[in-house]
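# Structural overview
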Number of protein chains: 4
Amino acid sequence: MDIFQTLESEVRSYCRGWPTTFDRASGSMLYDENGKQYLDFFAGAGSLNYGHNNPRLKRAVLDYIERDGVTHSLDMNTVAKRDLLESFQDIVLEPRELDYKVMFPGPAGANAVEAALKLARKVTGRESIINFTNAFHGMTLGALSVTGNSMKRSGAGIPLVHATPMPYDNYFEGQTPDFLFFEKLLADSGSGLNEPAAVIVETVQGEGGINAARTEWLRGLADLCQRHGILLIVDDVQMGCGRTGPFFSFELAGIEPDIVCLSKSIGGYGFPLALTLIKPSLDVWEPGEHNGTFRGVNPAFVAATEALRTYWQDDKLEKGTLAKGEHVGRSLTEIAESYPDVAMRAKGRGLARGLQFGDERIAEAVCRQAFGRGLLMETSGPVGEVVKIMPPLTITDAELEEGLGLVAQSVKGALG
Amino acid sequence: MDIFQTLESEVRSYCRGWPTTFDRASGSMLYDENGKQYLDFFAGAGSLNYGHNNPRLKRAVLDYIERDGVTHSLDMNTVAKRDLLESFQDIVLEPRELDYKVMFPGPAGANAVEAALKLARKVTGRESIINFTNAFHGMTLGALSVTGNSMKRSGAGIPLVHATPMPYDNYFEGQTPDFLFFEKLLADSGSGLNEPAAVIVETVQGEGGINAARTEWLRGLADLCQRHGILLIVDDVQMGCGRTGPFFSFELAGIEPDIVCLSKSIGGYGFPLALTLIKPSLDVWEPGEHNGTFRGVNPAFVAATEALRTYWQDDKLEKGTLAKGEHVGRSLTEIAESYPDVAMRAKGRGLARGLQFGDERIAEAVCRQAFGRGLLMETSGPVGEVVKIMPPLTITDAELEEGLGLVAQSVKGALG
Amino acid sequence: MDIFQTLESEVRSYCRGWPTTFDRASGSMLYDENGKQYLDFFAGAGSLNYGHNNPRLKRAVLDYIERDGVTHSLDMNTVAKRDLLESFQDIVLEPRELDYKVMFPGPAGANAVEAALKLARKVTGRESIINFTNAFHGMTLGALSVTGNSMKRSGAGIPLVHATPMPYDNYFEGQTPDFLFFEKLLADSGSGLNEPAAVIVETVQGEGGINAARTEWLRGLADLCQRHGILLIVDDVQMGCGRTGPFFSFELAGIEPDIVCLSKSIGGYGFPLALTLIKPSLDVWEPGEHNGTFRGVNPAFVAATEALRTYWQDDKLEKGTLAKGEHVGRSLTEIAESYPDVAMRAKGRGLARGLQFGDERIAEAVCRQAFGRGLLMETSGPVGEVVKIMPPLTITDAELEEGLGLVAQSVKGALG
Amino acid sequence: MDIFQTLESEVRSYCRGWPTTFDRASGSMLYDENGKQYLDFFAGAGSLNYGHNNPRLKRAVLDYIERDGVTHSLDMNTVAKRDLLESFQDIVLEPRELDYKVMFPGPAGANAVEAALKLARKVTGRESIINFTNAFHGMTLGALSVTGNSMKRSGAGIPLVHATPMPYDNYFEGQTPDFLFFEKLLADSGSGLNEPAAVIVETVQGEGGINAARTEWLRGLADLCQRHGILLIVDDVQMGCGRTGPFFSFELAGIEPDIVCLSKSIGGYGFPLALTLIKPSLDVWEPGEHNGTFRGVNPAFVAATEALRTYWQDDKLEKGTLAKGEHVGRSLTEIAESYPDVAMRAKGRGLARGLQFGDERIAEAVCRQAFGRGLLMETSGPVGEVVKIMPPLTITDAELEEGLGLVAQSVKGALG
C-alpha cells in the first residue's frame, strides 16, 4: 500500500484508472517515475490546450518568477494583470466585437459559474435557473445544483433546488421540435415553472458525453432567452480557449451570451485561473460582493498572456484545431464502422471528440487497454459510455496519428 | 481611466484601497511599478505566511518547472504529490499524533469548506449546520451560507438556508455563560432548531474582526459537539499553517476536530492549494463524488513540501511567531492606551492581530494613512472597524519594528 | 361602499364576479337577499355534489345538532365518526376491493395534500415531487409548491422548491409520445432530475381548465410509477365523490393509487372534511406526527355518512352523472359548432365540463352574461379561458336543460 | 379491534389517551356512548370557549340551517357573512380602536398562519421569519416551518427552512436580559441572520407548555419589531377569543400587531373558521392570490356572530374568565405546594393554565388518572411535562370546583 492509498481520501478517482505515478510532462507526453511515456488524449480535462509545459509559456513563467514578480495579489492591480487584461481586450474581445466586463471570480471554473449564477439572480431578482440534461458545471453547491450527474448530486447531502433541467439538443433524437417543452412551459402561466433568471449551457457537453449542440439549436436558445428576458450564460470552461476551433465555442453559432464562464486553459500552463465575462449593463456588483483569496495568481496571468499572444494573434491554431478535429472525427467514424455489430458512434466538434458505446463496460475497457498501450483517455457520459478524446490543440500530426492508431488497437483489444 | 477601471468588473475591491500597480515582491516587501516599496502587514490575506517569493521555495519551484515536472495532474498520482503527502504525514500529522485522511477538494479554501459541509451532511444524514456570528468561510454557495457578512450574503441572490448562527466566544462580553443558547436549543426538543450535522468554526475570526476564541471556549465547543453527536469542523484556512503559532490553530486548545479545512498558506508560495482533513472513519466518499480540475497544481505541491521541510521540522517558526505576536500585541495596546479618549483596543493571537476602533471611519483612515506611508493593512470586522495586522511570519524584527512605528504614525495621522 | 369592500381584504374574488349578496339555497338554486334566483353550475367548486341543503342530509344534520351530538372532537373517537368509517368501508372501499387506511388530515383539501406529500417523503426518504402542468392542489405552502398557477405561486413570497412540473396528458396535442420527457429524465442518471418521492396528479384538472386525462395515460402513469418506485398520489379533491361518474375518478382507468386525497363533497353538505387514503404498508405515521384542530367536525361526519348511504349504495347517481355529463358534452359541442369562426371547444368528463375559448375575454364575458341571466358559472384555466360547468350531480333534467339554454344564450350574448 | 384501530391511520392520537367513544356533549360535559359523563378541561384544544353545543349558538345555527340559509359560499357575499363582518367591526374592532382588514384564509388556524406568512413575505420582499422556542403554529408546510416540536417537524420529510428560533420569554429563567441575542444579531451586520420579514409569536404558548409571556416582554418585542422594520404577527388562534380574559390576548400588553391570526373559538360552535387580520396598509393581496374552498362556512359565520353578540357586548365574560383563571391558578399553586418534594409548578394566564412537572411521566399519569375520574385534560410542552387546564370559559363555578378537586385527586393518585 502506497501513501496515496493509506493517506489520501477515498474520493480520489483518476489515479484509480491510471495506476502509476507521473513525474514529468512535455507537449503531448507525460512520463511516469519509471520513465514510461504516455501520449495524452486527455489534456488535463481541457486545461492543457497548449500542451504540457509549453516552452514559450514556460519561459515567460520562469522569467517572471526569477525576477520576483508578484505571485499572489488577490484583486490588487499588478503589471502582470494589466498585461493580461490588455491582451484579452486586444486579442480576444475587440477582434470579435465583443463587449464584456472581465471578472476574476476565483481560481477555478466552479467559481466562474458561482459568480455567474449569483449575478444573474441579483440582476433579475429571480432564483430559478434552467440547466440542461447531462450538464456539468462544477462541484461547489451553486454549480452542483445545475449539474446533472446523480452520483455527484447525491454528494451534496442536501436537496439541490432552484434548477430545472431541460432537454439538451437532440435529447430525443429528433423526435420533438427544438425547445418544445421549454417554450410551452414558459408560454403557459399555469405550467408551474418558476420564472428563470438564466439559462446555463455548454455548447458541447464534455463530462456529459461529448454532446455537441447544433449551431441552430444554440441560436434558437439565444433567441428564446431574448424573447423571454432570460439571461444566457455560456459555460465555456472546457470548450472555450480554442477547444472547438475558435477562441469561444459559441462563435460558431454567432450568438453573444450575456455571461461567459472561462477557466481551465485560460491559465495556459495548467495554473488555476478563471474569468467571468459580463455584459457591461449587467455589471451591478458592489465592490467585494464576491471575492476570494486566489483571484490573483500572477504566474497564471503571465502564462495566459503569453498564450494569447502566441496562439491567438492569427488563425493558425483555430484552423489547425478544426482540421485535426475533422481528421479525428473521420478516424473514429471509421473505427465505429469497422464493427457493424457493435453499438458505437463518433461524436463531437473540433478537438472535443468522443466514441460512444452502447455498453459502458466496453468504453471502460477501451480506456484500460489504451492506458496499457501508453495512451491516456477518460470516459464521460452519464454512465461512462463515451471514450473522450481531447488531446492538446498543439499535438503534432504524427502524435495524433499515433494516438488514433492506439485508439483503434484499444477498441480492438476491448472487443476481442 | 486605466484598463482596470474600463475592463475589470465593479466587483474589484483591494485595488480601490491601494491605488497603485504592483510589480515585484520579496519577503515582507511589495514594490509598485514605480519602484515604491510597501511593507506588507497583509500577507495575501494569510496566504503568504513565508513571505513573498521566499527564496527556498522559489528555488524548489523553479527547479521543478525547469525540469518539466508535471504541472497539472487533477488527482492523478505524481511524484510531487507523493512528496507532499509524505511530508505532511511525517512533519505535520505524526508528531502531533493526529490521524486524518487527506482530501484535495479543489484549489481554494472555499473548496475545502464545501467538501467539509458535503461530507458532514452525507455522514450524518442531516442538513443543518451551525455557524458563528461574524464567521467567514468563502463565497461559493455552500461556504457563503455559513458566512455571516450580510453584504456578501446578499450577493447570493437566493435565500441562504440550512445554517443557524450561534454567538461566537465573548459575543455578549461575558454577560452569559458559554453556549447558553446553543446548549438549551439542543436540549429542548421543542426548540425548533433542526438537528445539526456539524458545527463550523474559526479559532480566530480573521474577516470577522480578529476575534480570538479562548481555548476553554474551544474545548467547551468540542465537548458539546461530542455529547450531541455533532461533527466539529475547524476552518483553519486563514489561521492554520502557523498564523497563531502552532501549525494548526486548534493545537493551543488541545482539541481534535472531525474535519479540518486548510488552504491559503498551505501552498507556501501563494499558489492555490487546499486540503480537507478527515477523521478516517468519516471518509465515506465514493470515488469522484467530489472532484475538480485544479486539485493537482504540482508547483504548489512542491512549494508546500519545501515549506513544511524548511519551517516545520523544528519549533523555531512557531516560537518566533508567538514572540513576535506578543510584541505586536503589546505595541498595539500601547497605542490604544495612548489615546484614552478614543474607543480603541488591541485584539488577536499569534501574528493575527487587530486594532479595533469604536468608529469604523477611523479604522479606514488608519489604513489609508498607512498606505501613504508605505504600509499595507486592511480592515476587517462587520463594518470594517478593525485594522488587521497580519505580516508574514518570516518578517524580520527590524521590519516588524518599522511597521509598528508606521502603524503608530498612521493612527496619529488618522486621529489628528 | 358596503362592508365587504371596506372591511374585507382585497384578496376576495368570487364576490367580484357575482356582485350580489346571497342568502338562501336549495338543491341547484341559490337566492340572493332580494329573492333573485340563480341556477348553480358551480356547486361550491365541487363541494356541493348533492346540491345545496340536500333535504336528507339536512335532516340528519339537524337531528344530530338537536340531540346535542358532539360537534367538535379532534381525533377522539365518536359515534358519528365510527358511522362514517363503517360506511366508508362498507359502501366505498369494500365493493371496489380497495385497501386503504383512512387519515383525517384537517378540514380541507390542502390538508389532505399536505399530509400526502409529507407521508410520501417520509416513506421514501426523498424530497422531490413530480407535479403536472396546470395542476391545482391548494394554497398552503406544501400544496402550493405543486400547484402550477404563477399568480398563486407568486403569493408564496419564497421560492417554491422540490417540485418539477411534467407535461400533463395531451400537453403537446399528440405531438409527442406519452411520458417521453419524464421517462427519459428518469432513465438518464445524468439528467439532473432529483429522484422523486411521488407523483401527484388530478385525473381531470378542474382549476387547470377541465383537462381530462385519457384513461390510458393514467394507466401509463401508474405503470411508470411502479417501475420506478415512485408513489402515485391522486388528488381527487374536486373530481372524487362522483363528479366524473364513479365514486373515485380513477376507477375509470382501473388504477389503484398509493395515496388518495379527498375533500370538498366528501362532507356532503358543504361542511369542511378531508380524508387522505393510504395504502396500509405506507401508514408509517407516528401518533400525532400530523394533527390539527378541525379534524373532527362531527356534523360533517353525519352528513358524509348520510350521503354515502343515500347515493352510493347503488349505481343510480353514477349512471345519472354519466348520462347527464354526456348530454352536457353534446350540448357544448353543438354550441361550439354553431360558431365555426370562433375558437371554442367542449371539454371534460362526467359532470366536470368546460367550454374553452381561444380568447379568455370571451370566456369571462360568457360568465358575466350568465350571471345576468341568473346562472352561476366560473372560468378556469391558466388565463381563465375555459367556462367551467359543474352543476350539482343531483340537478334535475329540467334544470340542466334550462341551464344549458342559458349557457347558449350567454355565449351568444358574449359574442354578439 | 374496533374500526378506529383497523381502518384509521396510525397518526390518530387523542383517542389513544381517552379510550372511549364519545357521543353527546353539552356545556362543560361530554358523554360517551355508554352515558358516562366527562368534565371537559380541554375544550377542543381551545375551540370550545363557549362550551359544547351552547344553547344560544345552537338555536341560531339550527334556525339558519332550517331556513335553508346558504351553507357553503367560498368568498361570495352572503347575508351571514355580512352579519359577521358587521358584528366583528362593531363589537370587536371599534371599541378597541383597532384598524384591521379581515381576510378569510381558509377553515383552520394553519390557514390563518400560512396567509400571514405569505403576506409578510410579499410586503417586505424578505423570506426569513423569526419564531420562538416551543412555538406551535400548525402542520401545513409553512406553519410547520415556524413550529418548534421536533417530532412534528420531522414529519415534514424535507428540511424546514426560512425560520430561525429565538428564545421565548423567560427561556433562560431570568439569566439574560430580554432579547439579548435577537437584538445583537439584528444590530450586527455580520451576524449571519437573514433579515427577517416578520416575527410570529403566541402571547401564551399553549402547545409549548402554557408559557405566558410577560406583558413587558411583549411590549419589548413590539418595540424591537418597529425599530427594525419587522412585521409583528400574533398567532391568537388558541389564546384569542377570550381565553386569557380580553378578546385578543395581546390587549393586556397594549400592543397592536401588524397581523393577527384567529381561529378555533372564533367559529363559536366548534365549526371551522379562521380570520387573518391585516393592517390596512399591508393589504396588498391580488384578488384570489390566496384562496381555498372552505372559506365560507356560513353556519360558522352564524355561530360566530351569535357568540360575539352574546358574550362580547359587555365585559362579563372577560371578568369572569380573569376571576376563574386566578382561582385556578391559586388552586394549582396550592396543589404544587402540598408536594414540596415533587418538582411541580403552576403556570399560565386567564383560563389557559398548566401544572408543570419535572418528570413528564407524572404529567401523563395525572391525565390518565383524571380520565379515569371523568375529567378530560391533555399534556403539553416539548416532552408533555405540563398538564394543561383549559375549560370552557362558560364553565360554572361549581363545575370548576369539581374539576379542580379531580385534578387534586389525580395528582395524588399519580404520585401515590
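Residues numbered from 1 in each chain as written. Chains lettered and ligands numbered in written order. Predicted model: local features only at pLDDT ≥ 70, side-chain atom pairs only at ≥ 80, totals over all residues. Heavy atoms only, no water.

The number of helices and strands found in chain A is 14 helices and 17 strands. Computed over C-alpha atoms, the radius of gyration of chain A comes to 21 Å, within 12% of the 22 Å expected from 2.2 N^0.38 for 416 residues, which places it in the range of a compact globule. Going through the 416 residues of chain A one by one, you find that 69% of them count as buried. For chain A, restricting intrachain contacts to residue pairs at least 6 apart in sequence, the fraction spanning at least 24 positions comes to 73%. By element, 46% of the accessible surface of chain A is carried by carbon and sulfur atoms, the whole surface being about 12500 Å². Of the side-chain charges in chain A, 40 are positive and 54 negative, and the distance between the mean point of each set is 1 Å. (Helix = DSSP H or I, 4+ residues; strand = E, 2+ residues; numbered from the N terminus. Rg over C-alpha atoms; globule rule 2.2 N^0.38 Å. Buried < 20%, exposed > 50% of the residue type's maximum accessible area, 1.4 Å probe, protein only. Contact = heavy atoms within 4.5 Å. Areas by Shrake-Rupley, 256 points an atom, 1.4 Å probe, with all protein chains shown as cover. Lys, Arg positive; Asp, Glu negative; His and termini not counted. Charge placed at Lys NZ, Arg CZ, Asp CG, Glu CD.)

You can see Ser263(A) is positioned in the loop between strand S11 (259-262) and strand S12 (275-278). We classify Ser263(A) as buried; its relative accessible area is 0%. Here the side chain of Ser263(A) touches Gly109(A) through a polar contact of 3.2 Å, landing on its backbone nitrogen. Those residues in contact with Ser263(A) that sit more than four places away from it in its chain are Pro107(A), Ala108(A), Gly109(A), Val237(A), Cys241(A), Leu273(A), Ala274(A) and Phe294(B). (Polar contact = N/O pair within 3.5 Å; in protein donor to acceptor, adjacent residues only side chain to side chain.)

The partner chain A presents 103 residues to the 103 residues of chain B that form the contact. Each partner contributes to the roughly 9400 Å² buried at the junction of chain B and chain A, and carbon and sulfur atoms together form 62% of this total. Summed over the three residues of chain B that lose the most area to chain A, namely Leu7(B), Val11(B) and Asn77(B), the buried surface amounts to 8% of that side. The interface formed by chain B and chain A holds 10 salt bridges in total. Salt-bridge contacts for Asp23(B) lead to Arg67(A); the nearest nitrogen and oxygen are separated by 2.9 Å. Scanning the region where chain B abuts chain A turns up 48 residue pairs in polar contact (both at pLDDT 80 or more). (Buried area = accessible area lost by both parts, 1.4 Å probe. Salt bridge = Lys/Arg side-chain N within 4 Å of Asp/Glu carboxyl O.)

What follows concerns the pairing of strand S11 (residues 231-235) of chain D. Residues and elements named next belong to chain D. Burial analysis of S11 places 5 of its 5 residues in the buried class, the great majority of the element. Across the two faces of S11 the burial is the same, with Leu231, Ile233 and Asp235 and Leu232 and Val234 all buried. Examined bridge by bridge, strand S8 (residues 196-201) and S11 share 4 bridges and lie parallel to one another. Following the sheet pairing, alanine 198 is matched in S11 by leucine 231. Across 3 bridges, the pairing between S11 and strand S12 (residues 259-262) is parallel. If you follow valine 234 over to S12, its bridge partner there is valine 260. (Pairing = 2+ DSSP bridges.)

At Phe179(B), a position not held by glycine, the phi torsion is positive, near 60°. If you trace the backbone, Phe179(B) turns up in the loop between strand S7 (163-166) and helix H9 (180-187). Residue His162(C) is not a glycine yet carries a positive backbone phi of 75°. Relative to the assigned elements, His162(C) resides in the loop between helix H8 (150-154) and strand S7 (163-166).

Here we come to the interface of chain D and chain C. Opposite the 103 residues of chain D that make contact, chain C presents 103 residues. When chain D packs against chain C, the two sides together hide about 9400 Å² of surface, and 62% of this comes from carbon and sulfur. Sorting the residues of chain D by area buried against chain C places Leu7(D), Val11(D) and Asn77(D) first, and these three jointly supply 8% of that buried surface. Here chain D and chain C share 10 salt bridges between them. Arg82(D) is the partner of Glu33(C) in a salt bridge, and the nearest nitrogen-oxygen pair spans 2.5 Å. Linking chain D with chain C are 48 residue pairs in polar contact (both at pLDDT 80 or more), by the criterion used here. It is helix H5 (residues 79-93) of chain D that contributes the most residues to the side of chain D that touches chain C, 7 residues altogether. Taken together, the residues of the side of chain D that touches chain C sort by class into 48 nonpolar, 28 polar and 27 charged. Here 2 bridges tie strand S4 (residues 77-78) of chain C to strand S1 (residues 21-26) of chain D, and the two strands are oriented parallel to one another. (Nonpolar A, V, L, I, M, F, W, Y, C, P; charged D, E, K, R; others polar.)

Attention now moves to the relation of the copies chain D and chain C. Between chain D and chain C, the superposition needs a rotation of 180° and an axial shift of 0.0 Å, giving an RMSD of 0.0 Å. The superposition operator between the copies reduces to a two-fold rotation axis. Closest approach to the rotation axis within chain D is made by the C-alpha atom of Leu141(D), at a distance of 2.6 Å. Same-surface contact between copies: 100% of interface residues of chain D are shared with the interface of chain C. (Least-squares fit on C-alpha atoms with pLDDT ≥ 70 in both.)

Evaluation of the coordinates by the stated rule reveals 76 aromatic pairs over all chains. In this structure an aromatic cluster arises from ring pairing among Tyr171(A), Phe172(A), Phe181(A), Tyr171(C), Phe172(C) and Phe181(C). In this structure, Lys36(B) is placed above the aromatic ring of Phe371(B), and the distance from its NZ or CZ to the ring centre is 6.0 Å. It is Lys81(D) that lies over the ring of Phe104(D); its NZ or CZ is 4.6 Å from the centre. (Phe/Tyr/Trp six-rings, centres within 6.5 Å; stacked < 30°, edge-to-face > 60°. Lys NZ or Arg CZ within 6 Å of the ring centre and 35° of its normal.)

With that settled, the discussion passes to the sheet that holds strand S12 (residues 259-262) of chain B. Residue and element names in this part refer to chain B. Spatial ordering of the open sheet is given by S5-S13-S12-S11-S8-S6-S7, a layout of 7 strands whose pairing is mixed. Two strands lie at the open edges of the sheet, namely strand S5 (101-103) and S7, each paired on one side alone. Strand-to-strand twist in this sheet, taken as the mean axis angle between neighbours without regard to direction, amounts to 25°. Across 3 bridges, the pairing between S5 and strand S13 (residues 275-278) is antiparallel. Among the inter-strand pairings, valine 102 is bridged to a residue of S13, identified as leucine 277. (Axes fitted to C-alpha atoms, helices over the stretch in contact; angles between N-to-C directions.)

Now for the sheet that holds strand S1 (residues 22-26) of chain B. Strand order in the open sheet made by the 4 strands is S1-S2-S3-S16 (chain B), with mixed pairing throughout. The sheet is open, and its two borders are formed by S1 and strand S16 (375-376) of chain B, each paired with just one other strand.

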